[in-house]
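Tertiary structure, described
Residue-level listing of the chains:
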Amino acid sequence: MADAAPQALRAILHRAAGLERFQVSHRAPAEDLAWIADYHWILHWDLGEGGSHRQQVLTHPSVHMTFLSDGQARVVGVVRGVFTETIEGRGRVVGVRFRPGGFRPFLGAPVSTITDRRIPVEDVFGPAARAAADAIIAAPDPGDAVALAEDLLRSRAPRPDPLVLEVGDIVDRIAADPALTRVDRVAAAAGMGTRRLQRLFADYVGVGPKWVIRRHRMQDAADRAASGTDVDWAALATELGYADQAHFTRDFSATIGMSPTRYARACADRR
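These remarks concern the structure in this document. (Residues numbered from 1 in each chain as written. Predicted model: local features only at pLDDT ≥ 70, side-chain atom pairs only at ≥ 80, totals over all residues. Heavy atoms only, no water.)

**Some points on the overall build of the protein chain**
Counting its regular elements, the protein chain contains 12 helices and 8 strands. Whereas a compact globule of 271 residues would reach a radius of gyration of roughly 18 Å, the protein chain reaches 19 Å, a difference of no more than 12%. Once the C-alpha set of the protein chain is aligned to its principal axes, its extents read approximately 55 × 50 × 30 Å. Burial status across the protein chain gives 49% buried among its 271 residues. Restricting the contact set of the protein chain to residue pairs at least 6 apart, pairs at least 24 apart contribute 71%. A total of about 12400 Å² of accessible surface is found on the protein chain, and carbon and sulfur atoms cover 50% of it. Charge-centre separation for the protein chain: the mean point of 34 positive side chains lies 6 Å from the mean point of 33 negative side chains. (Helix = DSSP H or I, 4+ residues; strand = E, 2+ residues; numbered from the N terminus. Rg over C-alpha atoms; globule rule 2.2 N^0.38 Å. Buried < 20%, exposed > 50% of the residue type's maximum accessible area, 1.4 Å probe, protein only. Contact = heavy atoms within 4.5 Å. Areas by Shrake-Rupley, 256 points an atom, 1.4 Å probe, with all protein chains shown as cover. Lys, Arg positive; Asp, Glu negative; His and termini not counted. Charge placed at Lys NZ, Arg CZ, Asp CG, Glu CD.)

**Regarding the sheet that holds strand β5 (residues 73–76)**
Within a sheet, neighbouring strands are paired by backbone hydrogen bonds and run either parallel or antiparallel to one another. If you trace the 6 strands from one edge of the open sheet to the other, you get β1-β2-β7-β4-β5-β8, paired in antiparallel fashion. Sheet topology places β1 (22–27) and β8 (118–120) at the edges, where each strand pairs with a single neighbour. Averaged over all pairs of adjacent strands, the angle between their axes in this sheet comes to 25°, without regard to strand direction. In the sheet, strand β4 (residues 64–68) pairs with strand β7 (residues 90–98) via 5 bridges, with the strands oriented antiparallel. Within β7, the position partnered with L68 by the bridge is V93. Contacts between helix α5 (residues 142–155) and the sheet are confined to β1, β2 (37–46), β4 and β7, with β7 contributing the most and set at about 40° to the helix. (Pairing = 2+ DSSP bridges. Axes fitted to C-alpha atoms, helices over the stretch in contact; angles between N-to-C directions.)

**Topic: the packing of aromatic side chains**
Counted according to the given criterion, the structure contains 8 aromatic pairs. With centroids separated by 5.5 Å and ring planes inclined at 45°, the aromatic side chains of F106 and F125 adopt a geometry described as tilted. In this pair, F106 is assigned in helix α2 (residues 104–107) and F125 in helix α3 (residues 122–125), connecting sequence segments 19 residues apart. Given the relative accessible area of 1%, F106 is considered buried. Given a relative accessible area of 10%, F125 falls into the buried group. Here a set of aromatic residues connected by ring pairs shows up, and it is made of W233, Y242, F248, F252 and Y263. (Phe/Tyr/Trp six-rings, centres within 6.5 Å; stacked < 30°, edge-to-face > 60°.)

**Quick look at the environment of A129**
Considering the arrangement of structural elements, one finds A129 in helix α4 (residues 129–138). Since its relative accessible area comes to 0%, A129 is described here as buried. For the pair A129 and T84, spaced 45 residues apart in sequence, the C-alpha to C-alpha distance is 26 Å. Excluding residues that lie within four positions of it along the chain, A129 makes contacts with V121, E122 and L152.

**Topic: the environment of R117**
Secondary-structure assignment places R117 in the loop between α2 and β8. Put simply, R117 and H14 are 103 residues apart on the chain and 24 Å apart in space, counted from C-alpha to C-alpha. The residues contacting R117, other than those within four sequence positions of it, are V75, V76 and G77.

**Brief notes about unusual backbone geometry**
The phi angle at H14 is positive, at roughly 50°, despite the residue not being glycine. Locating H14 in the fold gives a position in the segment before α1 (15–18).

**So, the pattern of salt bridges**
Per the stated rule, a full pass over the model turns up 20 salt bridges. The partner of R97 in a salt bridge is D38, and the shortest N-O contact between them spans 3.0 Å. Here R97, found in strand β7, pairs with D38, found in strand β2; they are 59 residues apart in sequence, far enough to count as distant. With a relative accessible area of 10%, R97 lands in the buried category. (Salt bridge = Lys/Arg side-chain N within 4 Å of Asp/Glu carboxyl O.)

This is the structure:
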């Protein structure tokens, strides 16, 4: 499988510091699963005995399924805050990132019901999933682990759902077009009313379109801050749809835990 989606690294906060402590790679899904899965990701670390690292991630509007070397196998719904995980010693995680909307055929319920939640894979895939998860975790080769994870997905044989592709395309459009800063404009571009868009996102994505817009714009801002270039924060606030720099700074600080200028300095210190 070819490496996929290196742009996903921009979700890692304090990226330079994090990548000193772990390695992450991405693999494209098999062709028959590409309509539901964005990519697979494999995280490795070796921090030595007693070593640990606390990592924060500004997550995408995606559900993840993860298999950890400590035996955990879980589904992680969309995380509206900052996702924080501590890694210790030596280990590995094999993960599947689903396309926005892509987990709905497996869950059989609104994706909003698992937002901000972590649930065992057995809760979705049934008791037999535990044995599959153990095989994925035990597989020494990451490629074999990914193949087993794909077999687990195929075991549920989700029925094709055209709404998965429609929702995914809308989210892709939001991510690609910084000018889409309002829900009504996204709805108009998608050819539907605002209320239908909101219901569709709650059902398939797990969060509303306003959250998706703000999260992508906040990722844009954090990535710009981490890039090492001088940032005109007032101009960036306007570009991202904020009425003024003060509002943007409050949102950035509330989301990431520090002001944009402080975050930029912290990233620069580790380059």
